[in-house]
Structures are given as C-alpha cells and as structure tokens.
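Examining the three-dimensional arrangement
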Amino acid sequence: MSNLTVQPARPAPVRSQEPGGGKRGGRPRRPREAAREVRSLVSPHTLTTPHGRLIYRVVLTAVVLLFTAVFVFPLYWMVTGALKTPEELAQIPPSFFPTSFDLGVYAEAWDQLDLGLFLTNTVVYAGGAWLFTLAVDVSAAYALSKLRPVLGNVVLGMMLATLMIPPMVILLPAYLTVKDMPIFGWDLLNTPWVIWLPAAANGFFVFLLKRFFDSIPRELLEAAQIDGASPVRILWSIVLPVSRPILGVVSILSVVNVWKDFVWPLLVLPDGEKMTISVGIASLSAQMPQNVLIASLVIASIPTMIVFFVFQRSIMAGLTAGSLKG
C-alpha cells in the first residue's frame, strides 16, 4: 500500500459583503441595468456623438425660437400696429411691417386720451394697494406661521377656499359692501379706498408668505426671544430682512394686479377724473382712430414690462426660496 499525502483543502476566499462586492468603484453594471436607467427619448450615448449633438442643438434652437415667437409676436404686432395708418390696419391680408415709422402717433395718443391723468391715478391706486397688501398679508402670514394661533389651520383653509370662488361671483356682494360699509356706513365709491382695501385681502399672497416664513429656522426666532425681543420686533428685525425675495414677488404681483384690473375699477370708479388707465382707454376708444388706440395700449403696458424685466430675477428667486426648509 503506497503512502499518499493528502493535502488540506484551501479555504475559499471570503467575498466582501460591502456594496459593490468589495471592488473599488463597485461591481460593473450589467447592460440591462444600464438600459433601465435611461428613460429619455434620446440616450446619453447618442448625445456624445457629433451627429447626436448636431440634432440636439437644431431641435433645441427650433423649440426656443418657436416659443419665443409665440410669446413675442403679440407684443410686436401691438407696437407695429401703432405705427400703421388706419388704412394699413384694415388691409387684408395684413402687412407685417409698417410703411413708415412715425412716432408722433404716441404723442397724439398721450394728448388725446389724457394718459397722464390716467397713469397718475393708476400709480396712486397701485402704490396704496401695495402698502396695504404688505401690511395685512405679511401680518396674517407671520401670525399663522410663527405665532400659531388657535384654529390657525382652519383660518388658513378658509383663506385658501376663497381662491376657488370665481371673482365674478363675489362682484355684487363686494360692490354692495363698498357702497355701504358695514358698521360705519361709509360710501367708498370714487375713492382710492375702494381699490386699496379689497386688494389687501389676498389668500394667495398669504399662502406664499406663510410658506416662506415656515422655512425660516425656528432657532433663530427663539434666540431673539431669549434676548427679550417681542413678536413685533422679531417680525421687523429678523423675519422681514430675511424675506426680501418673497416680499419682492408679492409686491410685484400686487402692483400688476391693480394695474391690469378692468372690471372692478370700471364698476366702482365711474368718475372720469378718477379712472384707471385700462378703464380710461376703454371709455375713449370709440372716439379714437385705431392706430391711436393701439399706441395708448403700448404706453399703458410699458410700466409693467419695465417692472418685469428689472425684477425678473427677484420673481424667480422668491417663488423658489421657500421650496426647501432649513
């Protein structure tokens, strides 16, 4: 019987239990798993090729130009329509370019429609509505967010419920309210108060402000309370300086809402000397040539366009500032 030496079996290498199988960089992805992660119409691999990049740039440029033309064309048609003669405006098919660029039609519209008076009235109404909106809505949002009164959620729900009601439904009750003010019996028609007070109560603005105030760290307010600051001092010295983006958004939206409103000023400001710009132009439109009327519309829209182009970054920053907490 031959002597045989039995070699002991070597233990199998122990595989790492760490994610990725112990290999640096993790286990390689299978083709099926890589394919599952691609959920777009064009894969990332296609975009790395010269042909794919060319198609992507062409499609992106076409989409951007198309949407730009859709939104800018009405503005272009309004500006060039003011430079055309009434005969050119009535021409079929219409011409895309005016035959002459006579800017005197804008001066004629300013004088004949008395746009200076209407613009002054609208600035007064919009400025007062802005101040009352900040005073009322900021206070309400701060109370609901940080002071947390009893039944605060119910109050907020009732405010948001008003957004579901069409404005035309409450038009008659609102008119009767300002015609004979409850308790006081005041008649607010043909006064700036008839624009300022209804504009101040806005459930959408309260919701925006509350969402932003909720994102302010509570530890910051508690530190101010420890130092002896009152709720009003905390609002003025801490909350408002931090809330500049959302305050800018609310300010711009409140001014634009008053500037473009038509039905409510038409109903509550019948006096010709106290009309807003939109109501004043509409009241005199039947007596003016069509190109003069279009020129007045261009003048009326310039202030809001300037406000948007100057503060567009504040609008986007304010709308997204309260989306993340902390």
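Report on the accompanying structure. As the structure is a prediction and not an experimental result, all values here were calculated from the model.

Moving on: the pattern of salt bridges. Inspection of the entire model under this criterion finds two salt bridges. Here Lys 179 ties to Asp 187 by a salt bridge, and the two come within 3.5 Å at their closest N and O atoms. Overall, Lys 179 belongs to the partly exposed group, its relative accessible area being 39%. Notably, a salt bridge pairs Asp 214 with Lys 210, separated by 3.0 Å at the nearest N-O pair. Linking Asp 214 with Lys 210, this pair stays in helix α10 (residues 203-214), spanning four residues, or about one helical turn. Lys 210 matches Asp 214 in its accessibility class, with the two residues each being buried.

This part is about the packing of helix α12 (residues 231-242) against helix α13 (residues 244-260). Orientation of α12 relative to α13, taken along the N-to-C sense of each, is 75°, at an axis distance of 5 Å. With respect to α13, the axis of α12 lies roughly perpendicular. Each of Leu 240, Pro 241 and Val 242 in α12 lies in contact with α13, whose residues at this interface are Arg 244, Pro 245 and Leu 247.

Attention now goes to the packing of α10 against α13. Relative to each other, α10 and α13 sit at 170°, their axes nearing to 10 Å. When the interaxial angle is binned, α10 and α13 end up roughly antiparallel. Residues Phe 204, Phe 205, Leu 208, Leu 209 and Phe 212 of α10 touch α13, and the partners they reach there are Ile 246, Leu 247, Val 250, Leu 253, Ser 254 and Asn 257. Residues of the contact of α10 with α13, tallied by class, amount to nine nonpolar, two polar and no charged.

Moving on: a negative patch on the surface. A cluster of acidic side chains, namely Glu 108, Asp 111, Asp 114, Asp 271 and Glu 273, defines a negative patch on the protein surface. Mapping Asp 114 onto the fold places it in the loop between α5 (104-112) and α6 (115-147). Look at Asp 114 and you get partly exposed, because its relative accessible area is 40%.

Further remarks concern unusual backbone geometry. Cis geometry is adopted by the peptide bond preceding Pro 93, which originates at Ile 92 and carries an omega value of -5°. Of note, Pro 93 is situated in the loop between α4 (86-89) and α5. With a phi close to 50°, Arg 148 is a non-glycine residue in the positive phi region. Residue position: Arg 148 is located in the loop between α6 and α7 (152-161).

This part takes up the packing of aromatic side chains. Under the counting rule described, the total for this entry stands at nine aromatic pairs. Summarising the aromatic geometry, the rings of Phe 73 and Tyr 76 are spaced 6.4 Å apart at their centres and angled 40° between planes, so their arrangement reads as tilted. Of this pair, Phe 73 and Tyr 76 are both found in helix α3 (residues 50-83), three residues apart, which corresponds to roughly one turn of the helix. In this structure Phe 73 comes out as partly exposed when scored by relative accessible area, which is 38%. Each ring, one from Phe 204 and one from Phe 205, has its centre 6.2 Å from the other, and the planes form 50°; the classification is tilted. Relative accessible area serves as the criterion here: at 2%, Phe 205 is assigned to the buried category.

What counts and how
Residues numbered from 1 in each chain as written. Predicted model: local features only at pLDDT ≥ 70, side-chain atom pairs only at ≥ 80, totals over all residues. Heavy atoms only, no water. Salt bridge = Lys/Arg side-chain N within 4 Å of Asp/Glu carboxyl O. Buried < 20%, exposed > 50% of the residue type's maximum accessible area, 1.4 Å probe, protein only. Helix = DSSP H or I, 4+ residues; strand = E, 2+ residues; numbered from the N terminus. Axes fitted to C-alpha atoms, helices over the stretch in contact; angles between N-to-C directions. Parallel < 35°, antiparallel > 145°, perpendicular 65-115°, else oblique. Contact = heavy atoms within 4.5 Å. Nonpolar A, V, L, I, M, F, W, Y, C, P; charged D, E, K, R; others polar. Patch = residues over 30% accessible without salt bridge, like charges linked within 9 Å, V, L, I, M, F, W, Y side chains within 5 Å. Areas by Shrake-Rupley, 256 points an atom, 1.4 Å probe, with all protein chains shown as cover. Lys, Arg positive; Asp, Glu negative; His and termini not counted. Charge placed at Lys NZ, Arg CZ, Asp CG, Glu CD. Phe/Tyr/Trp six-rings, centres within 6.5 Å; stacked < 30°, edge-to-face > 60°.

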